[in-house]
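Understanding the architecture of this molecule
Each chain is listed here by its residues.
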Amino acid sequence: MSAHRSLLRHDSPAASGLRSSFALGEKGFRPFFLLAAVFAAFVLPLWLLVLESFIGLHAEFMHPYWHAHEMVFGFSVAVIAGFLLTAVGNWTGRETVVGVPLLALAALWALGRVAIALSSFVPRGIAAVIDLAFIPALMVGIGRALVLAKNKRNYVMLALLFALWLSNLASHAGALGIAGMSAWQRQGSVVGTDIVLVLILVVSARVVPMFTRNATRVTSIHSLPWLDKASAISMAIFTICDIAIPAHRMTAALAALTGVFVAARSIPWGTRHTARDPLLWILHVGCWWIPIGLVLRAISSFTSAVPSSLSTHALTVGTIGSLTLGMMARVALGHSGRMLAVSKPTTFAFAALTIAGLVRVTGPLFVSMYTASIVVAGVLWSLAFVLYLVVYVPILVVPRVDGRPG
């Protein structure tokens, strides 16, 4: 996620020529952030229309589980792909996937979204095969650079991608009605969210305090490596429990413990110094949603007054939404050779997404506001990504302003 200008080499003169003439294929963040934003902007209105029975859905997944699956294995995975394809190049000094192969990889992701939405019109299982092909292809794209550079520190990214693939496989097995797997139509997306959060905990510990210290020049801002590790390990153990004993009170207690770890690690990160910098505060907002969501998960296990969906949406709309939008904005600026300063529409996008999280988590606590809160949160989510597209499409599709590759 580093916003520093990369010092990546060309694979060949021919490849260099292709990348400079077609900017969308020059770096992984370009096509995947564009696709992720388009998908995020339009899939929520589509879901609201399905939810209110204005249109029908022709997917093998049951309606609520299609929504969950596509937000985790569609939207979130697209952002992860754009980030990793870009970041691994910086981490290793080796190019990942660019040019035609990159555009083909992006097309595979997009084909998966269409195939799943229309899976009832194709032979049974074909949509699952198409969708399940994406993460292995992504692993090959980043794994080659990591292995050749012997970048063992980041092998964890391959392990997390493989875990995501397994949870996606379980989701499809549940949707296809494979014996004994029906519950995984939902649980696969729950565990997939947990895995995305493990990745977020690993990456945010590396970059959020660094970004904040560098931008604010407050030297007291720091991280606590032991607490960063404890948070990620605790979240990983919680994920395993969410697979083995999801309804057990020990899992609930572990959720609360993990939330405490995550909150504690964020205290010295200097959140109070970020109010004037939208590129910083949106990342801090996303990080603080993690302990809120995990504590809500624990509480929901002990009382029906707090639905489990509140935890789910604190961690998805709040954490994943805020951090993905914030990083999509930051990475696109930094890796296109621009200053790390956002426009008013981008700030409005961050605000809209933050309000969407608050509405989606608090609204359902009031029975009379349940439906309205879902609609308002969905509209605000979509507005945030439409604003991102308005500002960032011209950035994503044109070459770097400094003339360098990437």
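Each chain has its residues counted from 1, running along the sequence as written. Side-chain atom pairs in this predicted model are given and counted only at pLDDT of 80 or more, local residue features only at pLDDT of at least 70, and totals for whole chains, interfaces and linings cover all residues. The side-chain quantities take in all heavy atoms of the structure and omit both hydrogens and water.

Quick word on the pattern of salt bridges
Which entries qualify depends on this criterion: Each salt bridge in this description consists of a side-chain nitrogen of Lys or Arg and a carboxyl oxygen of Asp or Glu lying within 4 Å of one another.
This model, assessed by the stated rule, comprises 5 salt bridges. In this structure, the salt-bridge partner of Asp402 is Arg400, at a minimum N-O distance of 2.7 Å. The network of salt bridges with common partners includes Glu70, Arg113 and Asp131.

Things to note about the confidence of the model for the protein
Under the convention used in this document: Each residue gets a pLDDT score, which is the predictor's confidence in that residue and runs from 0 to 100. When checking whether two residues touch, look at their non-hydrogen atoms; a contact exists if any pair is within 4.5 Å.
Mean pLDDT over the protein stands at 92; residues scoring 70 or higher make up 95%. This stretch, residues 1-21, has a pLDDT under 50; its non-local contacts, to residues over four places away or in other chains, come to 50 contacts.

Some points on the environment of Gly326
The following threshold applies: The numbering of helices and of strands both runs from the N terminus, where a helix is a DSSP run of H or I of at least 4 residues and a strand a run of E of at least 2. Remark: exposure states derive from per-residue accessible area (1.4 Å probe, protein chains only) relative to the maximum for the residue type, with buried under 20%, exposed over 50%, and partly exposed in between.
Tracing the backbone through its elements, the reader meets Gly326 in helix H12 (residues 308-334). The buried category is assigned to Gly326, whose relative accessible area is 0%. Between the C-alpha atom of Gly326 and that of Thr347, which follows or precedes it by 21 residues, the distance is 9.9 Å. For Gly326, the residues in contact, after removing those within four places along its chain, are Leu279, Ile282, Leu283 and Phe350.

Points about the nonpolar core
Soluble globular proteins tend to bury their nonpolar side chains together. The cut-off we apply is this: What we call a nonpolar core is a set of buried Ala, Val, Leu, Ile, Met, Phe, Trp, Tyr and Cys residues that are connected through their side-chain atoms within 4.5 Å.
Core analysis: the largest hydrophobic core is formed by 113 residues, its most contacted members being Phe32, Phe75, Phe385 and Tyr388. Setting aside chain neighbours within four positions, we find Phe385 in contact with Ala37, Ala40, Ala41, Phe75, Leu325, Met328 and Leu353. Ranked by size, the runner-up nonpolar core spans 6 residues in total, among them Trp289, Leu296, Val306 and Val361.

Considerations on helix H9 (residues 225-244)
Threshold: What a helix should span is 1.5 Å times the count of its residues minus one.
The terminal C-alpha atoms of H9, which comprises 20 residues, lie 29 Å apart, in line with the 28 Å expected from a rise of 1.5 Å per residue. Here H9 has its buried residues at Leu227, Asp228, Ser231, Ala232, Ser234, Met235, Phe238, Thr239, Cys241 and Asp242. Here the buried face of H9 lies against helix H8 (184-216), helix H10 (249-266) and helix H11 (278-300).

So, the side chain of Ser266
Using the following cut-off: Here a polar contact is recorded for every N or O atom pair within 3.5 Å, except that within protein the pair must consist of a potential hydrogen donor and a potential acceptor, and residues adjacent in sequence are included only if both atoms are side-chain atoms.
Within the secondary structure layout, Ser266 lies in helix H10. Take Ser266: its relative accessible area is 2%, and that puts it in the buried class. Polar contacts involving the side chain of Ser266 include one to the main-chain carbonyl oxygen of Val262, which spans 2.9 Å. Sequence-distant contacts of Ser266, defined by excluding residues within four places in its chain, comprise Thr271 and Trp288.

Examining H11
Relative to the 33 Å expected for 23 residues at 1.5 Å per residue, H11 spans 32 Å between its end C-alpha atoms, a close match to the ideal helical length. The distance from a side-chain oxygen at the start of H11 to the backbone nitrogen of Leu279 is 3.1 Å, and the residue carrying that oxygen is Asp277.

Quick look at the packing of helix H2 (residues 29-51) against H12
What counts is decided by this rule: To obtain an axis, a line is fitted to C-alpha atoms, over the contacting stretch when the element is a helix, and the angle between two such axes runs from 0 to 180 degrees between their N-to-C directions. By definition, turning the near helix anticlockwise from the far helix through less than a right angle yields a left-handed crossing, and turning it clockwise yields a right-handed one. Gly is put with the polar residues, along with every residue not named as nonpolar or charged; the nonpolar set is Ala, Val, Leu, Ile, Met, Phe, Trp, Tyr, Cys and Pro, and the charged set is Asp, Glu, Lys and Arg.
Two numbers describe how H2 lies on H12: the axes approach to 11 Å, and their chain directions differ by 150 degrees. Viewed along their axes, H2 and H12 form a crossing whose handedness is left-handed. Residues Phe29, Phe33, Ala36 and Ala37 of H2 form the contact with H12, whose participating residues are Met327, Met328, Val331 and Ala332. Considering only residue class, the contact of H2 with H12 consists of 8 nonpolar, no polar and no charged.

Remarks on the packing of H8 against H9
Stated formally: Angles are sorted into four bins: roughly parallel if under 35 degrees, roughly antiparallel if over 145, roughly perpendicular if 65 to 115, and oblique for all others.
In contact at an axis separation of 9 Å, H8 and H9 are set at 175 degrees when each is read in the N-to-C sense. As summarised for this structure, H8 and H9 are arranged roughly antiparallel, according to the angle between their axes. Within the contact between the two elements, H8 uses Trp184, Gln187, Val190, Val191, Asp194, Ile195, Leu197, Val198, Leu201, Val202 and Ala205 and H9 uses Asp228, Ser231, Ala232, Met235, Ala236, Phe238, Thr239, Asp242 and Ile243.

What about the side chain of Asp131?
One can find Asp131 in helix H5 (residues 126-132). Look past the residues within four positions of Asp131 in its chain and what remains in contact with it is His69, Gly112, Arg113, Ile116, Asn168 and His172.

Some thoughts on the packing of aromatic side chains
For the record, the criterion: Note on aromatic contacts: the rings of Phe and Tyr and the six-membered ring of Trp form a pair at centre separations within 6.5 Å, being stacked when their planes are under 30 degrees apart, edge-to-face when over 60 apart, and tilted otherwise. For a ring to carry a charge above it, either NZ of a lysine or CZ of an arginine must fall within 6 Å of the ring centroid while also lying within 35 degrees of the normal to the ring plane.
Applying the stated criterion across every chain, the model contains 11 aromatic pairs. Summarising the aromatic geometry, the rings of Phe75 and Phe385 are spaced 5.4 Å apart at their centres and angled 80 degrees between planes, so their arrangement reads as edge-to-face. Taken together, the positions of Phe75 in helix H3 (residues 63-92) and Phe385 in helix H14 (residues 370-396) put the pair 310 residues apart, joining distant regions of the chain. You'll find Phe75 and Phe385 in the same group, each marked buried. Cluster of aromatic residues (ring-pair linked, three or more members): Phe75, Trp381 and Phe385. Lying over the aromatic face of Trp91, Arg206 brings its terminal NZ or CZ to 5.4 Å of the ring centre. Its end group placed over the ring of Phe211, Arg330 keeps NZ or CZ at 3.6 Å from the ring centre.

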